[in-house]
There are 2 protein chains.
Amino acid sequence: MSFDMVATFRPDLPPAAEPWQQPPPFSFVGGHNDADSVPFGGLAEAAVNVLRREGQALATYNLGGSPLGYLPLRQFICDKLGVRASMPVEVDEVLVTSGSLQALDLVNEALLSPGDTVIIEQATYGGMLSRLERLGVDWVGVDLDEHGIDVGHLATVLDELAQAGTTPKYLYTIPTVQNPTGSVLPVERRLALLDLTRRFGVPIFEDDCYADLVWDGERPPTIRSLDDGGGQVIYCGSFSKSIAPALRVGYLVADEPVIRQLLALKTDAGTGALEQLTLAEYAPAHFDHHVERLIAALRAKCTTMIAAVDEHFGDDVVVTPPKGGIYIWLTFPDGVDTGALSAGAAAAGIEFNAGAGWSADPAWGARRLRLCFGHADERSIRDGVARLAEVYRASTALDR
Amino acid sequence: MSFDMVATFRPDLPPAAEPWQQPPPFSFVGGHNDADSVPFGGLAEAAVNVLRREGQALATYNLGGSPLGYLPLRQFICDKLGVRASMPVEVDEVLVTSGSLQALDLVNEALLSPGDTVIIEQATYGGMLSRLERLGVDWVGVDLDEHGIDVGHLATVLDELAQAGTTPKYLYTIPTVQNPTGSVLPVERRLALLDLTRRFGVPIFEDDCYADLVWDGERPPTIRSLDDGGGQVIYCGSFSKSIAPALRVGYLVADEPVIRQLLALKTDAGTGALEQLTLAEYAPAHFDHHVERLIAALRAKCTTMIAAVDEHFGDDVVVTPPKGGIYIWLTFPDGVDTGALSAGAAAAGIEFNAGAGWSADPAWGARRLRLCFGHADERSIRDGVARLAEVYRASTALDR
C-alpha cells in the first residue's frame with residue numbers, strides 16, 4: 001500500500017497548488033511585463049561577455065565574494081538609486097535578494113511574530129496580505145487618496161493603536177506607483193509620514209518595486225532618503241518590473257547593521273549568480289535607455305486600457321489614471337462584488353485581481369478590482385475590456 | 001537621534017552576519033568546485049542561443065509556464081535521473097528549486113514543527129543541522145560505517161523512539177557520496193532501510209546532491225526508485241556540484257500531490273529563469289561529458305589530498321577514501337578537539353569544517369573534521385595540508 005506522505009505534513013499548511021493551467025485569452029493579472037520590450041538581445045550579449053570574462057567565478061558560492069551580492073551589481077544599484085531616487089547608498093547597505101518577494105520574507109522574518117500588528121495601506125499588494133495572513137499577523141489599513149497615504153488618517157490609526165497598547169511592528173507602504181492604485185506620494189507627505197511614525201517608534205518598510213516605471217520622471221526622493229534622523233526605513237526594490245520578472249533579482253537597502261541581521265536570515269547560499277552577472281553587465285550602459293522605451297510602451301497600453309474602460313463601462317466605473325506601472329484600479333458602484341464578477345469573467349476567458357484580495361478590508365475592496373495591462377497586447381486589452389463589460393452588464397442585469 | 005531598527009527585531013534571531021572577509025590562503029570549506037572545470041564557454045553559448053530564441057518569455061513570471069519550473073529543464077532532470085540514477089520520473093513530479101537549500105527549507109516547512117524529532121546520520125550536512133536547530137527540532141543520530149548508514153542501529157533507534165512514544169517526522173539521509181564521509185550506500189541496505197522505516201511509518205528525505213560526482217559510475221538506484229510501495233520518499237538533487245554552485249538550481253522529486261503541497265510553500269515567484277534556461281539549453285548535449293571531465297579533475301585532487309594527509313599526519317589520522325565528491329573526513333585520536341585546532345589553523349591561514357558542526361553528537365564529532373578539495377589547486381592542497389599538520393603537531397605538543 002502506498003505510503004501517505006501528505007498525511008505526515010503539518011496540519012496548518014496552505015492548500016496544495018492546483019495543477020498548472022495555461023492562462024486564459026484575456027489575462028489581466030500578475031506583474032508580467034511587455035514581451036516586446038524585453039531586452040533579450042542586450043542580455044544575451046551581456047551574458048556572453050561576462051561569462052567569458054568571469055565565468056570561472058561560478059565555481060564558488062557568491063562568486064567568491066560577499067554574500068550581500070555581486071559587487072558590480074550592488075554598485076549599479078547604488079548608482080541608480082542615487083540618480084533616479086535621490087538616495088545616496090553605500091554598497092554594504094545593499095543586499096541582493098532572490099526577487100523582492102524574498103526581501104519581503106526576510107523583513108517579515110526579522111520583525112514579525114504571530115499576533116503582531118502592522119499598518120498597511122487600505123489597498124495594497126496582495127502578496128503581502130497573503131504573507132501576513134500566513135504569519136498570523138494582524139493589520140490595520142490606512143486610507144488612500146489619489147496622492148497616496150492619508151497622513152491624517154495615519155495619525156488617527158497610530159493614536160488608536162497606542163491607546164490600545166499596541167505598537168505596530170512596521171508601516172508597509174508603496175509610495176511610488178502605489179500598488180494597486182498607481183499614485184505617487186508627494187514629498188511633503190513623505191516628510192509628514194516620517195515625522196509621525198518616528199514619534200510613535202514605528203519603522204517604515206518602503207516597497208519601491210514599481211518606482212522605476214514612473215511615467216515622466218517625476219519621482220520624489222525615497223522616504224528612506226528623507227529620513228534625517230536615520231535608521232527608520234528599510235527599503236526594497238526590484239529588477240522584475242524594469243527588466244524582466246522571470247529574472248529573480250531584487251534588493252534591500254538599509255543601514256549596515258540591519259542588512260547584516262537580514263543577511264543572517266538569508267540561508268539560500270546567494271541569489272542566482274548568472275542573473276546577477278548578466279544584469280550587472282547589461283545595466284550600466286543600457287538601463288536608462290531601456291526603461292525609457294519600456295515606459296513609453298507601457299504608457300501607450302495604459303492609455304488604451306483606460307480608453308476601453310471609459311468606452312465600455314462609462315459612468316459605472318471610476319478609474320484614477322496611474323502615475324506609472326502596469327495596472328489600473330477600478331471602483332464600481334456600491335453593491336457590486338468583483339469576486340462574484342471574476343467567476344463569470346473566468347467563464348468568458350478573462351482574469352483580473354478582485355479587490356478583496358488587495359485590500360486591508362475585504363468588504364471595502366469588494367467593489368474594486370485591479371486590471372494589469374503590462375503583458376496583454378493592445379488588441380487583447382481592447383477586446384478583453386469590452387468582453388468584461390459584457391459580463392459585468394449581464395451580471396448587473398441579473399441582479400436587478 | 002538615529003532610530004534603533006535592530007531593537008525592534010524579534011529577540012530570537014540568529015546573530016547578525018559578520019562583515020565579509022576574503023577567504024584565507026588555504027580554504028578547505030564549502031561546496032565550492034574546481035574553477036578550471038566550470039564550463040563557462042558552453043554556458044555562454046547556451047545563454048545566447050536560448051535568449052535569442054526564447055528571451056521574450058522573460059516578460060512573464062515562470063516564463064509563462066508552470067511554476068514547477070522550465071519544462072525543458074524538468075525534462076532533462078527526468079532524463080538524467082532515469083539514466084544515471086535508475087529512477088523513472090515524470091515532469092510533474094519535479095519541482096525546480098532555488099538551490100537544494102530551498103528544497104531542504106520547503107520539506108522542513110511542510111513537515112516540521114518545534115519540538116518534533118527527526119532521524120539523521122551520525123555525521124551529516126552542517127547546513128541541515130543549523131536549520132533543525134533554528135526550527136527547534138530535536139534529532140537522533142544513526143551510526144555510519146564505511147558503507148553508510150548502519151541499518152541495525154537504525155532499527156534500535158526506531159524501536160527506542162517508538163517506546164518513548166515519538167514518531168520521527170523523517171529520516172534524512174545522504175546515501176550517495178555521503179556528506180561528509182563520502183560513502184555510497186549499497187542497494188541491499190537501501191532496501192532494508194525502506195522496509196524498516198515503512199514499518200515505523202517514517203518518511204525518508206533522500207538528499208542526493210553529490211550523487212553525480214561518484215568516481216566510477218557505480219551509482220546504485222536511488223532509495224526513492226526502490227520504494228515499491230510508493231509514496232515514502234522525497235528526493236532532492238542539485239546542479240551546484242555538477243555544474244556550478246553559484247548557479248542556484250536544485251530540484252525536488254516526489255509524488256505529484258506532495259510536489260503540489262511543497263509548491264504551495266514556494267512563494268518566491270519561481271526560480272531564476274535565466275539560470276533555468278541556460279542549464280536546460282546546455283545540459284542535454286554536454287552534461288555527461290562535462291561531468292566525466294569534472295570527476296577526473298576532482299579525483300586527482302582527492303588523491304593529492306589523501307596523499308598529503310598520509311604523508312604529514314601519518315598514523316595520527318584515519319581517513320576513509322571517499323567514493324566521490326569534494327571532501328574527505330578525518331578522524332583524529334581520542335582527546336583531539338578540532339574546534340580548538342581550527343582557531344590555530346585560522347591564524348596560519350587555513351580553514352576547515354570542525355567535526356562538531358557536522359555531527360549529530362558534537363562530542364562524537366569533536367575529534368573529526370571535513371577537508372574540501374574541490375576548489376583549492378593541487379599546490380594549495382599540498383601546502384595547506386602540510387601547514388595544517390604543523391599546527392596540529394604544535395597543538396598536541398602543547399597538550400603534552
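The rules behind the values
Residues numbered from 1 in each chain as written. Chains lettered and ligands numbered in written order. Predicted model: local features only at pLDDT ≥ 70, side-chain atom pairs only at ≥ 80, totals over all residues. Least-squares fit on C-alpha atoms with pLDDT ≥ 70 in both. Contact = placed C-beta atoms within 7 Å. Buried ≥ 20, exposed ≤ 12 C-beta atoms within 10 Å, placed from the backbone. Helix = DSSP H or I, 4+ residues; strand = E, 2+ residues; numbered from the N terminus. Pairing = 2+ DSSP bridges. Arc of directions from axis to C-beta. Axes fitted to C-alpha atoms, helices over the stretch in contact; angles between N-to-C directions. Left-handed = near helix turned anticlockwise from the far one by under 90°. Nonpolar A, V, L, I, M, F, W, Y, C, P; charged D, E, K, R; others polar. Domains from an automatic or database assignment. Core = buried A, V, L, I, M, F, W, Y, C linked by C-beta atoms within 7 Å.

Caption draft 1: Region of the structure containing the relation of the copies chain A and chain B. Under the fitted operation, chain A is carried onto chain B by 0.0 Å of movement along the axis and a turn of 180°, and the coordinates agree to an RMSD of 0.0 Å. Such a combination of rotation and displacement between the chain copies is what one expects of a two-fold axis. Interface overlap between copies is the fraction of interface residues in one copy that are interface residues in the other; for chain A against chain B it reaches 100%, indicating a shared surface.

Caption draft 2: Region of interest: the pairing of strand 8 (residues 204–207) of chain B. All names here are of chain B. The alternating pattern of strand 8 places Ile204 and Glu206 and Phe205 and Asp207 on opposite faces, both of which are buried. Where strand 7 (residues 171–173) and strand 8 come together, three bridges link them in parallel fashion. Within strand 8, the residue paired with Leu171 across the bridge is Ile204. Sheet topology places strand 8 next to strand 9 (residues 233–238); four bridges connect them, and they run parallel. The residue bridging Ile204 from the neighbouring strand is Val233, located in strand 9.

Caption draft 3: Summary view of helix 9 (residues 338–347) of chain A. Residue and element names in this part refer to chain A. Residues Thr338, Leu341, Ser342 and Ala345 constitute the buried set of helix 9. On an axial view of helix 9, the arc spanned by its buried residues comes to 105°, and they lie on one face. Within helix 9, the exposed residues directed more than 90 degrees away from the buried face are Ala343 and Ala347. Looking one or two residues beyond helix 9, the residue adopting positive phi is Gly349, at roughly 80°.

Caption draft 4: Main features of the packing of helix 3 (residues 99–111) of chain A against helix 4 (residues 126–135) of chain A. Residues and elements named next belong to chain A. As a packed pair, helix 3 and helix 4 sit with axes 11 Å apart at the nearest point and diverge in direction by 35°. Considering how the two elements wind past one another, helix 3 and helix 4 form a crossing that is right-handed. Seen from helix 3, the contacting residues are Leu101, Leu104 and Asn108; seen from helix 4, they are Gly127, Met128, Arg131 and Leu135. Of the residues belonging to the contact of helix 3 with helix 4, the class tally is four nonpolar, two polar and one charged.

Caption draft 5: Structural view of the environment of Leu196 of chain B. Residues and elements named next belong to chain B. Tracing the backbone shows Leu196 in helix 6 (residues 187–199). On the basis of neighbour count, Leu196 is assigned to the partly exposed category, with 17 C-beta atoms found within 10 Å. With 41 residues separating them in the primary sequence, Leu196 and Ala155 have C-alpha atoms 6.9 Å apart. Among residues more than four places away in sequence, those in contact with Leu196 are Val151, Leu154, Ala155 and Leu158.

Caption draft 6: A look at the sheet that holds strand 14 (residues 353–354) of chain B. All names here are of chain B. Across the sheet, four strands lie side by side as 11-12-15-14; this open sheet has antiparallel pairing. Taken across any chain shown, the strands that pair with only one partner, and hence form the sheet edges, are strand 11 (318–319) and strand 14. The pairing of strand 11 with strand 12 (residues 327–331) spans two bridges and is classified as antiparallel. From the neighbouring strand, Val319 faces strand 12, where its bridge partner is Leu330.

Caption draft 7: Geometry of the interface of chain A and chain B. Each partner contributes to the interface: chain A provides 79 residues, whereas chain B provides 79 residues. At the level of secondary structure, the elements contributing two or more residues to the side of chain A that touches chain B comprise helix 1 (40–54), helix 3, helix 7 (256–265) and helix 8 (273–313) of chain A. The residue makeup of the side of chain A that touches chain B, split by class, is 42 nonpolar, 26 polar and 11 charged.

Caption draft 8: Broad picture of the sheet that holds strand 15 (residues 368–372) of chain A. What the four strands build is an open sheet, ordered 11-12-15-14 (chain A); its pairing is antiparallel. Every other strand in the sheet has two partners, leaving strand 11 (318–319) and strand 14 (353–354) of chain A as the edge strands with one partner each.

Caption draft 9: Quick look at the domain arrangement of chain A. All names here are of chain A. Its domain assignment divides chain A into domain 1 (24–38 + 288–399) and domain 2 (41–286). Taking the mean C-alpha position of each, domain 1 and domain 2 sit 26 Å from one another. Contacts between domain 1 and domain 2 engage 27 residues on the former and 26 residues on the latter. When residues of the side of domain 1 that touches domain 2 are traced back to their parent elements, those giving at least two are helix 8, strand 12 (327–331) and helix 10 (362–365). With six residues, the top contributor of residues to the side of domain 1 that touches domain 2 is helix 8. Tallied by class, residues from the side of domain 1 that touches domain 2 come to 11 nonpolar, 12 polar and four charged.

Caption draft 10: Structural context of the pairing of strand 10 (residues 250–253) of chain A. Residue and element names in this part refer to chain A. Across the two faces of strand 10 the burial is the same, with Gly250 and Leu252 and Tyr251 and Val253 all buried. One ladder, built from four bridges, connects strand 2 (residues 94–97) with strand 10; its direction is antiparallel. Within strand 10, the position partnered with Val96 by the bridge is Tyr251.

Caption draft 11: Local environment of the nonpolar core. The biggest cluster of nonpolar side chains holds 269 residues, and the ones touching the most others in it are Ala47 and Leu252 of chain A together with Ala47 and Leu252 of chain B. Residues in contact with Leu252 of chain A, not counting those within four places in the same chain, are Leu95, Thr97, Ala103, Leu106, Ile234, Tyr235, Cys236, Ile259 and Leu262 of chain A.

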